[in-house]
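Examination of the molecular architecture
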Amino acid sequence: MTASDAGTTAATETTAVGAAAPTGDGSGLYLVDGSGFIFRAFHALPMLTRPDGTPVNAVLGFSNMLLKLLADIKAEAVAVVFDSKRLNFRNEFYPDYKAHRPEPPEELKPQFALIREATEAFCLPCLELEGYEADDLIATYARLAQEAGREVTIVSSDKDLMQLVRPGVGMFDPMKNKTIGPDEVFEKFGVAPDKVVDVQALAGDSVDNVPGVPGIGVKTAAQLITEYGDLESLLANAGKIKQPARRQKLIDFADQARVSRRLVLLDDNAPPPKPLDELRVREPDHQKLIDFLRAQGFRSIVTRVEMEMQKDGRLADGATFPAAAPSASSAAAATPAAADAAVPPSAAAGPEERPARRTVLTVPEVRYELVQDADALRAWVDRARETGVLAVDTETDSLTPATATLVGVSLSTAPGLACYIPLAHVAPGTVAGQLDFDAPPPPVQIPTSEAMAILKDVLEDPSVLKIGHNFKFDHQLFARNGIRVAPVDDSMLISYVLEGGAHGHGMDELAELHLAYTPIPFKEVCGTGKAQITFDRVPLDKALAYAAEDADVTLRLWTLLKPRLVDERLVTVYETLDRPLIPVVADMERAGVHIDRQALAGLSQDLSVRLAEIEKDVHALAGQSFNIGSPKQLGEILFDGLKLGTGKKGKTGAYSTDSSVLEELAEQGHTIAQRVLDWRQLAKLKSTYTDALQEKISPVTGRVHTAFALAATNTGRLSSTDPNLQNIPVRTEEGKKIRRAFIASPGHKLLSVDYSQIELRLVAEMANIQALKDAFRDGLDIHAATAAQVFGIPLEQMTPDIRRKAKAINFGIIYGISGFGLSRQLGIAPGEANAFIKAYLERFHELKVWMESIKTFARQHGHVVTLFGRRCYMPGIQDKNAARRAFAERQAINAPIQGTAADIMKRAMNRMPAALAAAGSSARMLLQVHDELLFEVPEAEAEDTARIVRGVMEGAAQLGVPLVAEAGIGDNWEEAH
DNA sequence: GGTCTCACG
DNA sequence: GACGTACGTGAGACCT
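Values in this document were obtained by computation on a predicted structure and should not be read as measured data. (Residues numbered from 1 in each chain as written. Chains lettered and ligands numbered in written order. Predicted model: local features only at pLDDT ≥ 70, side-chain atom pairs only at ≥ 80, totals over all residues. Heavy atoms only, no water.)

**Description of the packing of aromatic side chains**
With the rule as written, the count across this model stands at 11 aromatic pairs. Taking 5.1 Å as the distance between ring centres and 70° as the angle between the ring planes, the aromatic pair formed by Phe791 and Phe836 counts as edge-to-face. Of the two residues, Phe791 sits in helix H30 (residues 782-791) while Phe836 sits in helix H33 (residues 830-843), which places them 45 residues apart along the sequence. You can call Phe791 partly exposed: its relative accessible area is 26%. Residue Phe836 is classed as buried on the basis of its relative accessible area, which comes to 12%. Across the ring face of Phe82, the terminal group of Arg116 is positioned such that the distance to the ring centre comes to 4.4 Å. Over the face of the ring belonging to Trp973 we find Arg739, whose NZ or CZ atom lies 4.1 Å from the ring centre. (Phe/Tyr/Trp six-rings, centres within 6.5 Å; stacked < 30°, edge-to-face > 60°. Helix = DSSP H or I, 4+ residues; strand = E, 2+ residues; numbered from the N terminus. Buried < 20%, exposed > 50% of the residue type's maximum accessible area, 1.4 Å probe, protein only. Lys NZ or Arg CZ within 6 Å of the ring centre and 35° of its normal.)

Structure representation (structure tokens):
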């Protein structure tokens, strides 16, 4: 099992298993969009030249793709379609069509002819026709083939071809390795394929210079077409559109929309340059193909083709993984072919396939070795010493590293060169936890202890940099085996520092993004759901392919991303904030926290009884039995059945029943609403906390081990999962009982230290608000002080209600204030809230300036920056939709504040272990809750440790406002907090 | 798998 | 002039 994604939000799986499985009946026709492919391959692959200097990266991508396609679809027909050089019929009625297209890059130009040569070398027909684009020919042949009863697959990712998708005509994107069917088209355009041209006619396309209707994008277009059926009906009914601006645009630009539709509509009546019947499979002329490939310097492909020829004389599947047979660890033989070593493996991968076939054909440039004896492992260690870098990945039987069993380790010392060392594999098919004396013996493996002894030297060698993806996971596993890995680099954290907020940072997602490569999905190796197996049951050949690839990809990502830290001035953020956190947080997770199981079980029991009572009451009040936990049923009972007001419906048409709605009803005297609120609170506590937490107690350590995600949030905060220990109840009396179940080990105390008002202090600091800074320096009650200043009331006359209002505004500032939000929070009229904000901004005029400057910066750069230089990307800041843009603007205000607080906390955490050690404290840091740290400390050391921790936290940043940290000590978390 | 609701900072 | 709203998270239950 891998943990590569564990630190981030789950990466979307782009590859559906079994996608694009060819029909294989021999009648299918594959129409390859040659022109489209050239551009995409050119931009996706690194530059590569022939010995004579001719650029060939797109040619290699194209050749790989064809090879893959031919191997996969066997005896079916493939034709490659190209644009003609000249203008086409569209320019006759719209001269500007594609007028803005820049000239192709110089490195691409010579590759056009080479790609036609490549097609011929593969003995595949080239289709092109003057006056027509490739897309028109594809449309034409798709129609002809379909009329002849043949299935058609269009190999392209061009959205302009999506209009052709229909029963019998599919698309396949060879670079993303993804089929495009009606669902994918709908995802892209918001309508079925047959309505795509209508949407495009409205939305236009700046790349092709299709004008469309100004102000209408794909989203709006899809909505309009869905409502009115098609373009003509929409234009005929344009007068009925509610939004005045939109109505006028549709009337003014009706003809432009019609022209746009003609531009995007493909002509499926082109005169076919070759008869359909000629598009059959032809036996490739291997010698011709080899000559061509050799002339380009594609040594590794040539080898593959030759191997296939020796085998059975034609391109076929069934090849075996080259490294699956343990090779002696001769480094020379393992060096990838120089000519195309820079190409990511299978950048031109074809359709999804069985694991056994993801082999020579898709991963041509790699040498993966299975290491089963100590000498072979030592050779890898030696190689790491030579290179000074070593990518490392561990495989385990669970995602909880504090308790998981180490199943194997993979290493990589150079791109394409990796190994897998199985350690705890059993014979495939072995049933877990069952004694079976007839079971086959486990495979040959180095004993874990011996392997660890060999690895320890290099993993702790200060001159060898260890690289991982989400290395915190691996760090824990090695720590449990007595190895403190250092120094380490983490490709996930580097990506997070470079592009946090722009996308996820799981390995698969980054491989797609940066390497145009789809790693073997975990589920392809271990299955999914009930049939899922643990990694120790995976056969070694599959384990090798998967695990070695992870180390390989990690190293490739690191090679690509690490230099950017310097280029983009982000080294300090990475080196001082995120990288040092790896061992610190790994140790926290490994420590875990002690939980009183009996206390939780007692609470669960108690809650069960009370929930049953409340449920009876609610059913009686409703006059019928129903599921209180179903918002849908509850809404219908309250508003349709009991008619307690009209109820407000959300966008899904369901009644809203959230606490604000129920509280309002309760205030009107409806007992049932209050009872439902009570039920909700208790049900939440029971299911999320008292029940779930008990199950998270590890049988191995007797403690609960959360996972802190280091690369998940948009602001630099950590998050906590499985279980989330950053949202343990604290506000209500019932909730506090749960917190009391978090206890110290015998002889120990829990110590909780939290920053006081850190975010508001940072607002004062960053916006340089003199009055606020003074108030903090004077140690005043900050909410009372702001109330006094904003409302002009002397502190002596302060009332709790006025202070409450000031507090709400202070919070609002941090959130990127809006009158609406504040009015809702305080239950006052929006006008009144706006007046408060106005008064606040007048009193603290520096704030307004600061907020404007942040928004301007965000608009210009697409990101904001914390005090310590961390970037937070906000993609929505340029959004055309005003609401989404406003949202992004509030994020832009909040992110530097929240993010700087997170940076400061990270600085404190990073300094903590050394500070504790220097003071002789044996306290262990257990949890971080954004502005709070929780420690477990021997009773006798508690007071001293509290002082040390406060000192580290308060000294974590030197600002114009003081940082204040407050400590509490107790037998349980509630007491300490 | 999406939506709603709610626990925390 | 319309839009949809306080920022950041994760988990469980329901429902399709």
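**Digging into the nonpolar core**
Among the nonpolar cores identified, the biggest contains 173 residues, and Val409, Leu411, Leu847, Met909 and Met953 are the most heavily contacted of them. Once residues lying within four places of it in the same chain are set aside, the contact partners of Val409 are Val392, Asp393, Thr394, Cys419, Tyr420, Ile421, Leu423, Met452, Leu455 and Phe478. By size, the runner-up hydrophobic cluster in this structure holds 52 residues, among which are Leu29, Leu137, Ala145 and Val152. (Core = buried A, V, L, I, M, F, W, Y, C linked by side-chain atoms within 4.5 Å. Contact = heavy atoms within 4.5 Å.)

**Details of the protein's contact with DNA strand B**
Taken together, 20 residues form the shell around DNA strand B, and within it Thr657, Lys684, Val730, Arg731 and Asp931 come nearest. When atoms of DNA strand B within 4 Å of the protein are split into backbone and base, the sugar-phosphate part holds 80%. At 2.9 Å, a backbone N or O of Thr657 approaches a phosphate oxygen of DNA strand B. In the model, a base nitrogen of DNA strand B is placed 2.9 Å from a nitrogen or oxygen of the Asn727 side chain. Broken down by element, the residue count for the surface near DNA strand B peaks at 4 residues, all from helix H26 (residues 671-695). Considering only residue class, the surface near DNA strand B consists of 5 nonpolar, 9 polar and 6 charged. (Near = heavy atom within 4 Å. Polar contact = N/O pair within 3.5 Å; in protein donor to acceptor, adjacent residues only side chain to side chain. Nonpolar A, V, L, I, M, F, W, Y, C, P; charged D, E, K, R; others polar.)

**Remarks on empty space enclosed by the protein**
A complete count under the given rule lists 6 cavities of 30 Å³ or more for this structure. By volume, the largest cavity is sized at about 100 Å³. Lining the largest cavity are 14 residues, with Tyr97, Asp160, Asp208, Leu263 and Val264 positioned closest to its centre. A breakdown of the residues in the lining of the largest cavity according to their chemical character gives 5 nonpolar, 2 polar and 7 charged. Estimated volume of the second largest cavity: approximately 50 Å³. Tyr496, Val497, Gly500, Gly501, Thr713, Asn714, Thr715, Gly716, Arg870 and Arg871 are the residues that line the second largest cavity. Residues belonging to the lining of the second largest cavity are distributed by class as follows: 2 nonpolar, 6 polar and 2 charged. (1 Å grid on protein atoms, 1.4 Å probe; cavity = no way out; pocket = protein on both sides within 12 Å on 5 of 7 lines; lining within 4 Å. Points joined across faces, edges and corners; volume = space filled by probe spheres on them.)

**Focus: the protein's contact with DNA strand C**
Around DNA strand C sit 35 residues in total, of which Ser630, Ser719, Asp722, Arg824 and Gln891 are the nearest. When atoms of DNA strand C within 4 Å of the protein are sorted by moiety, sugar and phosphate together comprise 64%. Backbone polar atom of Asp722 to a phosphate oxygen of DNA strand C: 2.7 Å apart, as the coordinates give it. The separation between a base nitrogen of DNA strand C and a polar main-chain atom of Ala808 is 3.1 Å. Of all the elements in the fold, those that place two or more residues in the surface near DNA strand C are helix H24 (631-641), H26, strand E16 (719-721), helix H31 (800-814), helix H32 (819-826) and helix H35 (882-918). A total of 7 residues in the surface near DNA strand C trace back to one element, the largest contributor, which is H35.

**Some remarks on the sheet that holds strand E17 (residues 748-755)**
With antiparallel pairing, the 4 strands of this open sheet are ordered in space as E20-E21-E17-E22. With partners counted over all chains shown, the strands left at the sheet margins are strand E20 (924-928) and strand E22 (965-970), one partner each. Sheet twist, expressed as the average angle between the axes of neighbouring strands with direction ignored, equals 25°. Here E20 pairs with strand E21 (residues 932-938) via 4 bridges, running antiparallel. (Pairing = 2+ DSSP bridges. Axes fitted to C-alpha atoms, helices over the stretch in contact; angles between N-to-C directions.)

**As for the pairing of E20**
Counting buried positions along E20 gives 4 out of 5 residues, so the element sits mostly inside the fold. Turn length for the E20-E21 hairpin, with the two strands adjacent in sequence and antiparallel, is 3 residues, and the turn residue His930 shows positive phi of about 70°.

**Points about the environment of Ser608**
With respect to the secondary-structure elements, Ser608 resides in helix H23 (residues 597-622). With 74 residues separating them in the primary sequence, Ser608 and Leu682 have C-alpha atoms 8.8 Å apart.

**Some remarks on helix H21 (residues 571-578)**
Listed as buried for H21 are Val573, Tyr574, Leu577 and Asp578. Here the buried residues of H21 occupy an arc of 105° about the axis, which is enough to place them on one side. Looking at the buried positions of H21, the neighbouring elements they touch are strand E12 (488-490), helix H17 (491-499), helix H20 (540-567), helix H22 (581-591) and H35. (Arc of directions from axis to C-beta.)

**Observations regarding the layout of surface pockets**
Volume-wise, the second largest pocket comes out at about 1400 Å³. Forming the walls of the second largest pocket are 44 residues, and the residues nearest its centre are Ser35, Phe39, Asp83, Lys98 and Arg101. Breaking the lining of the second largest pocket down by element, the ones donating at least two residues are helix H1 (34-44), helix H4 (109-121) and helix H5 (134-147). If one sorts the elements of the lining of the second largest pocket by residue count, H1 sits on top with 7 residues. Across the lining of the second largest pocket, the residue classes tally to 19 nonpolar, 8 polar and 17 charged.

**Remarks on the pairing of strand E10 (residues 417-422)**
Looking along a regular strand, one sees the side chains alternate between the two faces of the sheet. Of all 6 residues making up E10, 6 are buried, and the element is well covered by its neighbours. Note: strand E7 (residues 367-370) against E10, 4 bridges, orientation parallel. Bridge assignment links Tyr368 to a residue of E10, and that residue is Ala418. The pairing of strand E9 (residues 406-414) with E10 spans 6 bridges and is antiparallel.

**What to know about the pattern of salt bridges**
Across all of its chains, the model carries 52 salt bridges by this definition. With a shortest N-O distance of 2.9 Å, Arg50 and Asp52 are connected by a salt bridge. Residue Glu106 is joined to Lys109 by a salt bridge in which the shortest nitrogen-to-oxygen separation is 3.1 Å. A residue is classified by how much of its surface remains accessible, and Glu106, at 57% relative accessible area, is exposed. (Salt bridge = Lys/Arg side-chain N within 4 Å of Asp/Glu carboxyl O.)

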